[in-house]
Each structure stands twice: as structure tokens, then as C-alpha cells.
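# A closer look at the structure
So the chains spell out like this:
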Amino acid sequence: MKIVVVGGGIIGCATAYALARAGCAVTLLERATPGAEASGAAAGMLTLLGESGQSPFENLAIASWRLYPKVAEELREQTGIDVEHVTRGTIYPLFTAEDVLHAEARAARHPAKDFGIEAWDAGQVRDREPALASRVRGAMFVRGEHWVNNQRLVVAYAQAAVAAGVVLRAGLSVSRVVVEDGRARGVVADGERVDGDVVLLAVEAQPGQLVASFRARLPVEPRRGQMLALTHVPPILRHCVHAESVYLVPRPSGELLVGATVERVGFQGAVTAKAIAGLLRAAIELVPALGDLPISRTWYGFRPWAPDSLPVLGPWPGVEGLWVATAHFRSGILLAPITARLMTSWITAGKPGMDVRDFLPDRFVRG
Ligand SMILES: Cc1cc2nc3c(=O)[nH]c(=O)nc-3n(C[C@H](O)[C@H](O)[C@H](O)COP(=O)(O)OP(=O)(O)OC[C@H]3O[C@@H](n4cnc5c(N)ncnc54)[C@H](O)[C@@H]3O)c2cc1C
């Protein structure tokens, strides 16, 4: 089967890799470079708290999280790239005695014991992460919440895809999907036709514009996220720390990521003083010693968001051979391995292997 994948973010690269390993002839078209957009801008957290396996989305998230150790190992074997899969766990700081009681109750009843949820009192917090501010009265600790270096991950997936036979064509912008007799036959990219039996749209926002001739508009919109990194040498934090208005992600490569805003500003590409000031204020309140660290970089990215905040996965209504995988919003890094697996099984064998009813594009697009 000849497949054209449009979009070299984490979703496009991971899925192209899985499709090639399943025996498909895959061409991956990316208008810039792999990971140039949201996938390179993310923090790389594999966040699960609240996911208790009770909805199709939660099942998807947990299934993907379970694939990660193997994915990290496999990508290292295939490419030599260490994706910095850190498994030390995430601290959710708590500020009142009542919050600590709630955390204890929640830890006791969480069904997925392999997440390793624990409630910590102030003394345990002080022992394990001494740099946290003294006003932190306790914490919910989730041993199973891990993180990766998403920039490395997307490069590793792209390189593994090429090694598996994918033809990666970077710097080519797709303007439309070619549809003949109700079937996708390929795409037009910078005036050149690229043929395929199947077209998979893994672009971040408005994939509907690529099939404009059908007046189909998928209401996927950007949600801007701004972040910054501090030079974290020698390190102050060992764990990921996730509070309400800021999260902190210590990377083995010597950066501490501080994120992130969620803003509805269209594709306005800018880092703003207000956002960076707000993130820094919240970070220093939580960990006062961070105030002395150098800022190494700031950036923004656009998360693909659908109105119900769920991914859009599956066949495009009314056009045979056209598929979409987008709108992973805040969880695209977490969800990449399972998205790649289920899209590959769905496209090649007709079965996604999971309950995907909540994710179908026809909840927005009519055939
Ligand atoms: C600040 C921030 C923090 C985040 N933190 C996390 C996190 O901690 N954990 C997590 O799981 N998720 C996180 N996310 C979300 C995650 O980054 C996204 O859900 C994910 O990257 C989406 O991947 P994608 O491949 O769909 O999109 P993208 O990475 O945007 O890839 C789409 C690609 O398509 C290409 N493209 C677009 N149009 C065309 C065209 N016409 N022709 C050819 N190519 C085209 C683009 O250049 C782009 O490379 C974060 C996002 C942001 C912005």
C-alpha cells in the first residue's frame, strides 16, 4: 500500500514509522523540518493524573503511557538517540491540610496501581525535594508520571522512519488533496503531484483547508503555549513539579523547562513579556532558588485543539482513502505511540483495535 503522510510533527513521524514497519511504502511530506511546530515546542511530560481508564480518551492515554519504555528503547536501538525518558515521577504541591487529606483519599482509591500515586506530608516533601518553598504543606506524588525530551523524540522517530524505508521530503508544502471519483489519489505539494493509495493528514490546524473543494472544515484551531528554559546546572530539582499555574521539568541535558500558557490568539507567533513574567513569578514562588538561574531561551508553539478537546482520528467522511490524525491538544507527545499504532492497524487492517468512537472526524465533518 502506497501512503502519503502530510505533516512531520510527532504524530506524522511516529505514524509514518509504524506504517513503514507494517510493510507500507510511505512518503512523508513536511513543509519545514520534522518537529518544527508544536512537537518541538512541547515540554515532553507524559501526564496521566486524572486518567483512571474510564473513558476512551483515558484508555488511549494509559495505553500510550505503557508503550513508552519500549518506544524509548526501540528508538535508541534504531537511531542511537537517547530520548531522555526520565522516570523519577511528578510532584503536585499542596498548600493546605485539607488538600493533603484529599490527596490521601485519592491515592487510596486510584485503580491503576502502576501509576504509584502517594500522598506526602510536609516532612516527606522537604526530604525529597528540599528546594520547594516552605509554604508547600504536602504533595501528591505520581511515581508513574514520566517525561521525555520531545525535540529528541521527534528527530528519533523521523530517523527511525527513514531507516525503515520512509521517503521523507522536508521543505514541501501541501496545498491540496487530489480526489478523483470520491477517492484520495495523492496530494499536490509546491505544484508537484505526489501519488498514493492513501493520504493521511497529520497537520496541526485546519486540515479541512486541504480538502477545501469539499467545503469540509474541521474546526481544529491553534492554542498558543509559551514557555521558557532556565540553565539548570547544577540541578536544583530532581522531580517534575506540576502546580496549578506553572510546571517545571528538569531535563538531564541541563535545562529546567518552565511552562506553559494556553492562549486563544490564532496563529500569532510571539513570546510576550506578560506571559514570561507570569510563568517566572509562579515558578519562583514555588522554588525560590530558581530566581538566580540564567534564562537560556523562550519560545511558543501552537497546540492543535478541537472544540471537545479530544483528538480527531480516523477516515475522512465521504472520501475513500483519506485519513486524519490531529487535535492532540495538550497530550500529543504522550499520545504519539498509541496514535501511530492504532492508525496503522486501522489503515492497513481496517481495525483500530481500540474504542475510537469519541475521536471520529464525522463528529465535525459530514460526508
Ligand atoms: C508549549 C507546549 C507545551 C506542550 N507540552 C506537552 C507535554 O508536556 N506533553 C504532551 O503530551 N504534549 C504537549 N504539548 C502538545 C503537543 O506538542 C502536541 O499535541 C503535538 O506536538 C501535536 O503534534 P502534531 O504532529 O499533531 O502537530 P505538529 O507538531 O504541529 O506537526 C504538524 C506538522 O505539519 C506540518 N504542516 C502543516 N501544514 C502543512 C502542509 N500544508 N504541508 C506540509 N506540512 C505541513 C507542520 O510544519 C508541522 O511540522 C505541548 C504543546 C505546546 C505548544
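Residues numbered from 1 in each chain as written. Predicted model: local features only at pLDDT ≥ 70, side-chain atom pairs only at ≥ 80, totals over all residues. Heavy atoms only, no water.

## Description of the sheet that holds strand β19 (residues 322-326)
Reading across from one edge, β8-β2-β1-β12-β19-β18 is the order of the six strands in this open sheet, with mixed pairing throughout. At either end of the open sheet lies a strand with only one pairing partner, and these are β8 (167-170) and β18 (312-315). Geometrically, the sheet is characterised by an average inter-axis angle of 15° between neighbouring strands, direction not taken into account. Relative to strand β12 (residues 198-201), strand β1 (residues 2-6) runs parallel, the two being bridged by four bridges. The residue bridging Val 5 from the neighbouring strand is Leu 200, located in β12. Those strands touched by helix α1 (residues 10-21) are β1, β2 (25-30), β12 and β19, and its axis lies near 170° from that of β2. (Pairing = 2+ DSSP bridges. Helix = DSSP H or I, 4+ residues; strand = E, 2+ residues; numbered from the N terminus. Axes fitted to C-alpha atoms, helices over the stretch in contact; angles between N-to-C directions. Contact = heavy atoms within 4.5 Å.)

## Brief notes about the site of the ligand
By nearness alone, 35 residues border the ligand, and Glu 30, Ser 39, Met 45, Phe 329 and Leu 334 come closest of all. Note that an oxygen atom of the ligand is positioned 2.5 Å from one of the side-chain N or O atoms of Ser 39. A distance of 3.1 Å is found between an oxygen atom of the ligand and a backbone nitrogen or oxygen belonging to Gly 332. Contact with the protein chains removes 97% of the 1,000 Å² of surface that the ligand exposes when unbound. Of all the elements in the fold, those that place two or more residues in the shell around the ligand are α1, β2, α2 (38-41), β13 (221-231), β17 (295-305) and α8 (332-349). Each of domain 1 (2-81 + 150-220 + 308-363) and domain 2 (90-145 + 221-305) gives at least three residues to the shell around the ligand. (Near = heavy atom within 4 Å. Polar contact = N/O pair within 3.5 Å; in protein donor to acceptor, adjacent residues only side chain to side chain. Areas by Shrake-Rupley, 256 points an atom, 1.4 Å probe, with all protein chains shown as cover. Domains from an automatic or database assignment.)

## Side note on the sheet that holds strand β6 (residues 138-142)
Spatial strand order, β5-β6-β4-β14-β15-β16-β13-β17: eight strands in an open sheet with mixed pairing. The two strands at the open ends of the sheet, each matched to only one other strand, are β5 (117-121) and β17. With direction set aside, neighbouring strand axes in the sheet form an average angle of 25°. For strand β14 (residues 240-242) and strand β15 (residues 247-250), the ladder comprises two bridges, and the chain directions are antiparallel. Looking across to β15, one finds that His 242 is bridged to Tyr 247. Relative to the sheet, helix α7 (residues 273-286) contacts β4 (90-94), β13, β14, β15, β16 (255-259) and β17, its axis offset from that of β13 by approximately 50°.

## Focus on the nonpolar core
Of all hydrophobic cores here, the largest spans 64 residues; its most connected members are Val 5, Ile 10, Val 26, Leu 75, Leu 153, Tyr 157 and Met 343. For this core, the domains that each give at least three residues are domain 1 (2-81 + 150-220 + 308-363) and domain 2 (90-145 + 221-305). Non-local contacts of Leu 75, meaning those with residues more than four positions away in its chain, are made with Tyr 17, Gly 80, Ile 81, Leu 153, Ala 156, Tyr 157 and Ala 160. Counting residues in each nonpolar core, the second largest holds 26 residues, with Val 125, Phe 141, Ala 243 and Ile 276 among its members. (Core = buried A, V, L, I, M, F, W, Y, C linked by side-chain atoms within 4.5 Å. Buried < 20%, exposed > 50% of the residue type's maximum accessible area, 1.4 Å probe, protein only.)

## Let's talk about the domain arrangement of the chain
Under the domain assignment used here, the chain contains domain 1 (2-81 + 150-220 + 308-363) and domain 2 (90-145 + 221-305). Computed over C-alpha atoms only, the centres of domain 1 and domain 2 are separated by 28 Å. Counting residues at the interface gives 28 residues for domain 1 and 31 residues for domain 2. Put simply, domain 1 and domain 2 have zero salt bridges between them. On the surface where domain 1 and domain 2 come into contact, there are six residue pairs in polar contact (both at pLDDT 80 or more). At three residues, the largest contribution of residues to the side of domain 1 that touches domain 2 is made by helix α3 (residues 56-79). (Salt bridge = Lys/Arg side-chain N within 4 Å of Asp/Glu carboxyl O.)

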